[in-house]
Amino acid sequence: MNEIIRGDIQSTPAGASLDPQDWNAFRALAHRMLDETIDQIANVRERAVWQPAPDSVRAQLKADVPRGATDLGEVYREFSEVIAPYATGNVHPGFMGWVHGGGTAVGMLAEMLAAGLNANLGGRDHMPIEVERQITAWMRELFDFPKTASGIFVTGTSMANLMAVLVARTSALGALARQHGIGNDGGLLTAYTSKAAHGCIAKAMDIAGLGTDALRQIEIDAEHRIDVSALRAQIAVDREVGFKPFLVVASAGTVDIGAIDDLADLAQLCREEGIWFHVDGAFGALAILSPELAPRLAGIELADSVALDFHKWGQVPYDAGFLMVRDGEKHRQAFAQPAAYLRREARGLAAGSQWPCDFGPDLSRSFRALKTWFTLKTFGTDRLGMMIAHTCALARYLETRVLAEPRLELLAPVNLNIVCFRYRADDEVNREIVADVQVSGIAAPSSTTLDGKFAIRAAIVNHRTDVTDIDALVAAVLDFGARRTGDGLVEIDAPPLAAQ
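Computed from a predicted model, the values in this text were never measured in an experiment.

**Observations regarding the packing of aromatic side chains**
Under the definition given, this model contains 8 aromatic pairs. Seen in terms of ring centroids, W373 and F374 are 5.6 Å apart; in terms of plane orientation they differ by 75 degrees. Their pairing is edge-to-face. Overall, F374 belongs to the partly exposed group, its relative accessible area being 23%. Members of the aromatic cluster, connected to one another through ring pairs, are F153, F310 and F322. Geometry around F243 places R216 over its ring, the cationic atom sitting 5.0 Å from the centre. Above the ring of F145, the side-chain terminus of R326 is found at 4.6 Å from the ring centroid.

As structure tokens, this is what we get:
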């Protein structure tokens, strides 16, 4: 009988299993990969922050579908020569362009361990999900949220903000809206954020089917915080004409300069108006780890939901976003979807009444929680908080350097760890300075526009950054500014230029 059932499958064909045929050789190569990667992190200052990939290198990556096998050592060689040298550069302490964490060697190892387990955290009864639940419990404690609050790992705060909009939408319209659509009532919903808020909020309104026109972008004050009086007035106007305000999104660390909205006042306003209060704390929310900075987040404990990224100030390797919702049941109502293949059993692997897939759109989910758990356990929140405060101290140091240099101009107050400044020249010169500094390999600032002026933007997030990196950035800006304007060259106390 077994022979009949087996049919032609009498033995496993060669190559059907993807395990190494020689585990010892594989182990040796794996150890070499790990050692060389650790060396790259340990010696990161010896190379350029970033370098553009030449066309010849880009061409090497273009190839037909690899139908045949290639030796793993050869694949690793190609990675080492074609991919690794031309990465974003945020591991380097001179990377100050965007709010990217630097990662850690600890997090890298945890990512490797998670890949070895290959656990799917969509659901079922296994310990990796307990790790995610433990981190949720820690976040509840840190942000003073109730035990009924829910939490879930996502790719990043852009996704977390979208999910918060969806939870708020379901809360406003009722769970039946998931079946029948947003209808006429949904067409009247309006949301509010500041003009300094991240663009992903408007995108979330678009994806949620509410439309970007339903998002009111409120003016900001001199500190780049949302004008609460203007917000209150806009809500009143919208109610008067028949709209239904349902959501306010505050910023804890605006994208341009790192401003923190008055969270306590916003929380009070939302309670009075019966509006969902969400905090986009992509990087700023983790200031809660620093006793020095945490008071600036006063009011975040009153939020209905908070979004944050562990891969920014938390230094967890990409990606590790997180959404926490005060009312876990409302969170579940926005996403849970019964299905026969997701039936919960009393015992066995399918046990457990609430699975992560009940709190988000993903059924297939990686073990993001492990690298976050390793980071929090290994370093502790006290040390992480100290590191976060240090990046802000470095920003204040850069501020003093800018204010002391007549050729430089500070364009915005320094709230946390972001400094916006420029060389005293026109926008085009400053645009070229940013590109010059990036291509030089000395540092990697980014840019933005503030009050109509092009700004050089330095976001100091990497735990490896120190005073010498700030000095190198300033020297490079002065050097390239002088070259572009003909002001005369200055001596540059920084690594030799990687490209001219």
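**A short note on the pattern of salt bridges**
With the rule as written, the count across this model stands at 28 salt bridges. In this structure, the salt-bridge partner of E130 is R133, at a minimum N-O distance of 2.7 Å. In this pair, E130 and R133 are both assigned in helix α6 (residues 127–143), 3 residues apart and thus about one turn of the helix distant. Between D221 and R225 there is a salt bridge whose closest N-O contact spans 3.2 Å. Residue class for R225 comes out partly exposed when judged on its relative accessible area of 32%. It is possible to trace a salt-bridge network through shared partners that takes in E409, R422, D427 and K453.

**Observations regarding the pairing of strand β11 (residues 444–450)**
Within β11, 5 of the 7 residues are buried, which leaves it mostly tucked inside the rest of the structure. Between β11 and the antiparallel strand that follows it, strand β12 (residues 453–459), lie 2 residues; D451 among them carries a positive phi value of about 50 degrees.

**Quick word on the nonpolar core**
Nonpolar side chains in soluble globular proteins tend to end up buried together. By size, the foremost hydrophobic cluster in this structure holds 67 residues, and its most contacted members are F143, L231, F277, V279, F310 and W313. In terms of residue count, the dominant contributor to this core is helix α14 (residues 368–404) (7 residues). One finds A164, A191, A202 and A204 within the second-largest nonpolar core, a separate group that totals 31 residues.

**Here's the deal with α14**
With 37 residues, α14 extends just 44 Å between its outermost C-alpha atoms, more than 12% less than the 54 Å of an ideal straight helix rising 1.5 Å per residue. If you look at α14, its biggest bend is around 90 degrees, right at G380.

**Thoughts on the sheet that holds β12**
Taking strand neighbours across the sheet as the criterion, the 5 strands line up as β1-β11-β12-β10-β9 in an open arrangement whose pairing is mixed. Each edge of the sheet is formed by a strand with only one pairing partner; in this case those strands are β1 (95–96) and β9 (408–410). Here 5 bridges tie β11 to β12, and the two strands are oriented antiparallel to one another. Within the sheet, the bridge partner assigned to S447 lies in β12 and is I456. The strands that helix α15 (residues 427–440) touches are β10 (418–423), β11 and β12; relative to β12, the one it contacts most, it runs at about 25 degrees.

**What about the state of the cysteines?**
One pass over the structure, following the stated rule, counts 0 disulfides. Free cysteine C270: the closest other cysteine sulfur is in C200, separated by 18 Å. Looking at the unpaired C420, the closest cysteine sulfur is the one in C392, lying at 14 Å. For C420, a relative accessible area of 1% corresponds to the buried category.

**With respect to the side chain of T372**
As for its placement among the helices and strands, T372 is situated in helix α14. Excluding anything up to four places from it in sequence, T372 contacts I135, F153, F310, V316 and A320.

**Quick look at the confidence of the model for the protein**
Of all residues in the protein, 95% have pLDDT values of 70 or greater, and the mean over the chain is 94. This stretch, residues 492–500, has a pLDDT under 50; its non-local contacts, to residues over four places away or in other chains, come to 18 contacts.

**Notes on the layout of surface pockets**
Put simply, the largest pocket is a space of about 1,300 Å³. Lining the largest pocket are 43 residues; nearest its centre among them are T37, Q40, I41, F79 and M108. Within the residue set of the lining of the largest pocket, elements represented by two or more residues are α2 (23–42), α4 (72–83) and α5 (105–117). The element that contributes the greatest number of residues to the lining of the largest pocket is α2, accounting for 11 residues. A per-class count over the lining of the largest pocket returns 26 nonpolar, 13 polar and 4 charged.

**Points about the packing of α2 against α4**
Here α2 crosses α4 at 10 degrees, and the two axes come no closer than 11 Å. Compared by their axis directions, α2 and α4 come out roughly parallel. Along the contact surface, α2 presents F26, L29, R32, M33 and E36, while α4 presents L72, G73 and Y76. Its residues placed into classes, the contact of α2 with α4 shows 5 nonpolar, 1 polar and 2 charged.

**Quick look at empty space enclosed by the protein**
Considering all chains together, one arrives at 2 cavities of 30 Å³ or more under this definition. Each pocket or cavity is described by its volume, and for the largest cavity that value is around 40 Å³. A per-class count over the lining of the largest cavity returns 6 nonpolar, 3 polar and no charged. In this structure, the second largest cavity encloses a volume near 30 Å³.

**Let's talk about the pairing of β12**
Within β12, 6 of the 7 residues are buried, which leaves it mostly tucked inside the rest of the structure. Across 4 bridges, β10 lies against β12 in antiparallel orientation. Bridge assignment links C420 to a residue of β12, and that residue is R457.

**A closer look at the sheet that holds strand β6 (residues 276–280)**
Spatially, the 7 strands line up as an open sheet ordered β2-β8-β7-β6-β5-β3-β4, and their pairing is mixed. The open sheet has two edge strands, β2 (150–154) and β4 (215–218), and neither has a second partner. With direction set aside, neighbouring strand axes in the sheet form an average angle of 20 degrees. Where β2 lies against strand β8 (residues 321–325), 5 bridges are found, and the strand directions are antiparallel. Note that in β8 the partner of V154 across the bridge is G321.

What counts and what doesn't
Residues numbered from 1 in each chain as written. Predicted model: local features only at pLDDT ≥ 70, side-chain atom pairs only at ≥ 80, totals over all residues. Heavy atoms only, no water. Phe/Tyr/Trp six-rings, centres within 6.5 Å; stacked < 30°, edge-to-face > 60°. Buried < 20%, exposed > 50% of the residue type's maximum accessible area, 1.4 Å probe, protein only. Lys NZ or Arg CZ within 6 Å of the ring centre and 35° of its normal. Salt bridge = Lys/Arg side-chain N within 4 Å of Asp/Glu carboxyl O. Helix = DSSP H or I, 4+ residues; strand = E, 2+ residues; numbered from the N terminus. Pairing = 2+ DSSP bridges. Core = buried A, V, L, I, M, F, W, Y, C linked by side-chain atoms within 4.5 Å. Expected span 1.5 Å × (residues − 1). Bend = angle between axes of the 7 residues up to and from the residue. Contact = heavy atoms within 4.5 Å. Axes fitted to C-alpha atoms, helices over the stretch in contact; angles between N-to-C directions. Disulfide = S-S within 2.5 Å. pLDDT = per-residue confidence, 0-100. 1 Å grid on protein atoms, 1.4 Å probe; cavity = no way out; pocket = protein on both sides within 12 Å on 5 of 7 lines; lining within 4 Å. Points joined across faces, edges and corners; volume = space filled by probe spheres on them. Nonpolar A, V, L, I, M, F, W, Y, C, P; charged D, E, K, R; others polar. Parallel < 35°, antiparallel > 145°, perpendicular 65-115°, else oblique.

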